[in-house]
Amino acid sequence: MYWVTYGKFRSYIDNQGFIAWFRNEGNMAKYKAALTDGMKLVEIYFPILNTAEHEVEIWFKIDNWAVLDKDRENEKIRAVLTEMIRELGVDMFEWIRTKALRTLHDVQSAFNS
């Protein structure tokens, strides 16, 4: 299963700061280490040539729904995100949304149970 967070930067925000923060090996290592057990960062994507209404997607592979419950209580990731927000600005996004995706295999397995 995948958990995807996506959003649109505020018009006055230069997304280069966001990109630079994640390209910093120390920041990325800290971020990955703080992720909830059962959650793995797949990649951070940026739609190109106005092919989407949003400007960034952060994809995670999650083991199951229970991981999301544990993620809500994860103080480690909250601390890392607070640090990032302090560096880049508290109001980076015009909007953020999330979606959960199951693979075709996962859907078929659910029907066969």
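Located above this text is the structure these notes cover.
Since the structure is predicted, the reported quantities are computational estimates derived from the model, not experimental observations.

A word on unusual backbone geometry
- The residue Leu 49 is not glycine, and still its phi comes out positive at about 55°.
- When its relative accessible area of 76% is taken as the criterion, Leu 49 is described as exposed.

So, the environment of Phe 22
- By the secondary structure assignment, Phe 22 is in helix H1 (residues 15-23).
- Note: C-alpha distance between Phe 22 and Met 84 (62 residues apart in sequence) is 9.3 Å.
- Sequence-distant contacts of Phe 22, that is, excluding residues within four places in its chain, are made with Met 28, Tyr 31, Ile 44 and Met 84.

So, the pattern of salt bridges
- Applying the stated criterion to the full structure yields five salt bridges.
- One salt bridge in this structure joins Glu 55 and Lys 8, with 3.8 Å as the shortest N-O distance. Within this pair, whereas Glu 55 is found in the loop between strand S2 (39-45) and strand S3 (56-62), its partner Lys 8 is found in strand S1 (residues 2-9), the two being separated by 47 residues in sequence.
- With relative accessibility at 25%, the residue Lys 8 sits in the partly exposed group.

With respect to the nonpolar core
- Core analysis: the biggest nonpolar cluster contains 23 residues, and Phe 18, Phe 22, Tyr 31, Leu 41, Ile 44, Ile 58 and Phe 60 have the highest contact counts within it.
- Listed by contribution, the elements that provide at least two residues to this core are H1, helix H2 (25-34), S2, S3, helix H3 (65-72) and helix H4 (75-88).
- If one sorts the elements of this core by residue count, S3 sits on top with four residues.
- Not counting chain neighbours up to four residues away, the residues in contact with Phe 60 comprise Met 1, Tyr 2, Trp 3, Thr 5, Tyr 31, Leu 35, Met 39, Lys 40, Leu 41 and Val 42.

Regarding the sheet that holds S3
- Strand order in the open sheet formed by four strands is S2-S3-S1-S4, and the pairing between neighbours is antiparallel. Looking at which strands have only one partner, the edges of the open sheet turn out to be S2 and strand S4 (93-101). Averaged over all pairs of adjacent strands, the angle between their axes in this sheet comes to 20°, without regard to strand direction.
- With six bridges connecting them, S2 and S3 associate as antiparallel partners. Counterpart to Met 39 in the pairing with S3 is Ile 62.
- Those strands touched by H2 are S2 and S3, and its axis lies near 140° from that of S2.

Conventions adopted
- Per chain, residue numbering runs from 1 following the sequence as it is written.
- Since the coordinates come from a predicted model, pLDDT governs what is reported: local features require at least 70, and pairs of side-chain atoms require 80 or more to be given and counted, while whole-chain, interface and lining totals use all residues.
- For the side-chain quantities, the full set of heavy atoms in the structure was used; hydrogens and water were omitted.
- Classification of residues uses two cut-offs on accessible area relative to the type maximum, computed with a 1.4 Å probe and protein chains only: under 20% is buried, over 50% is exposed, and between them is partly exposed.
- Numbering goes from the N terminus for both helices and strands, where a helix is a DSSP run of H or I of at least four residues and a strand is a run of E of at least two.
- Residue contacts are defined here by distance: any two heavy atoms, one from each residue, within 4.5 Å place the two residues in contact.
- In what follows, salt bridge is the name for a side-chain nitrogen of Lys or Arg lying within 4 Å of a carboxyl oxygen of Asp or Glu.
- For this analysis, a nonpolar core means a set of buried residues of the types Ala, Val, Leu, Ile, Met, Phe, Trp, Tyr and Cys, connected via side-chain atoms within 4.5 Å.
- Any two strands with at least two DSSP bridges between them are considered paired.
- All axes here are fitted lines through C-alpha atoms, helices being fitted over the stretch that makes contact, and every angle between N-to-C directions spans 0 to 180 degrees.

Structural measurements only, silent on function.
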